[in-house]
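In case you want the letters, here they are:
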Amino acid sequence: MSDERPGGPIRIGDSEREDAVKRLGEHYEAGRLSAEEHAERVGRALEAKTDTDLAALFSDLPEAHKAGRQQAGPTGPSSPFGGPRPEWAAARGRIGKLPVPLLIALGVVGVLASIACVAGAGHPPVLPIALIVAAVVVIRKRRMERRA
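Residues numbered from 1 in each chain as written. Predicted model: local features only at pLDDT ≥ 70, side-chain atom pairs only at ≥ 80, totals over all residues. Heavy atoms only, no water.

Broken down by element type, the chain carries 8 helices and 0 strands. Counting helices and strands in the order they occur from the N terminus, the chain gives α-α-α-α-α-α-α-α. Buried residues in the chain amount to 24% of all 148 residues. For the chain, the share of sequence-separated contacts (at least 6 apart) that also reach a separation of at least 24 residues comes to 58%. (Helix = DSSP H or I, 4+ residues; strand = E, 2+ residues; numbered from the N terminus. Buried < 20%, exposed > 50% of the residue type's maximum accessible area, 1.4 Å probe, protein only. Contact = heavy atoms within 4.5 Å.)

This part is about helix α1 (residues 14-29). Over its 16 residues, α1 extends 23 Å from the first C-alpha to the last, a length consistent with the 22 Å expected when each residue adds 1.5 Å. Among the residues of α1, those classed as buried are Glu16, Arg17, Asp19, Ala20, Arg23, Leu24, Gly25 and His27. (Expected span 1.5 Å × (residues − 1).)

A word on the pattern of salt bridges. A complete count under the given rule lists 4 salt bridges for this structure. For the salt bridge of Asp14 with Arg17, the shortest nitrogen-to-oxygen distance reads 3.0 Å. Of the two residues, Asp14 and Arg17 are both situated in helix α1; the distance of 3 residues between them amounts to about one turn of the helix. Look at Arg17 and you get buried, because its relative accessible area is 14%. For the salt bridge of Arg41 with Asp60, the shortest nitrogen-to-oxygen distance reads 2.9 Å. (Salt bridge = Lys/Arg side-chain N within 4 Å of Asp/Glu carboxyl O.)

Moving on: the nonpolar core. In this structure, Ile12, Ala20, Leu24, Leu33, Val42, Ala45, Ala48, Leu54, Leu57, Phe58 and Leu61 together form the largest nonpolar core, which totals 11 residues. Elements that contribute at least two residues to this core include exactly α1, α2 (35-47) and α3 (51-57). When residues no more than four places from it in sequence are discounted, the contact partners of Leu57 are Leu24, Arg41, Arg44 and Ala45. (Core = buried A, V, L, I, M, F, W, Y, C linked by side-chain atoms within 4.5 Å.)

Along the chain, the position of Val111 falls in helix α7 (residues 100-120). A relative accessible area of 42% places Val111 in the partly exposed class. The spacing of Val111 and Pro128 is 17 residues in sequence and 6.9 Å in space, taken between C-alpha atoms.

Within this structure, the stated rule accounts for 0 aromatic pairs. For the cation-ring pair, Arg23 lies above Phe58, with the distance from its terminal atom to the ring centre recorded as 4.0 Å. (Phe/Tyr/Trp six-rings, centres within 6.5 Å; stacked < 30°, edge-to-face > 60°. Lys NZ or Arg CZ within 6 Å of the ring centre and 35° of its normal.)

Limitation: the analysis is restricted to geometry and does not speak to function.
Structure follows, in structure tokens:
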């Protein structure tokens, strides 16, 4: 079965190029590429336009990077050039997996419930304080995940 689409090779973006450069660095560190070969392939990776261009850079290298990532656990959908998603894209915690609209809806329900508890029933403001703490934790976690 062919990996190519009927319309031809798939165009790639900056994230795929950066992942390819990282993978080339891993092969260089393992001693599979000389400094000159590494520099040449990195240049070609940065200029690549399709998944076929990137695949050619790894045709004579072992697939150890793919096997290692697949053993670590499910990584979700594969990247456009056939490999698994980069580690930074797959390594998201439970909070990072929740869609933003769902988080907003949960926040609105929590705010309404806290107003009802404090104003209507005369309870101490424990729920609003818990919501503020939870919001800070979620925001910090998402920011850390984006930086990683």
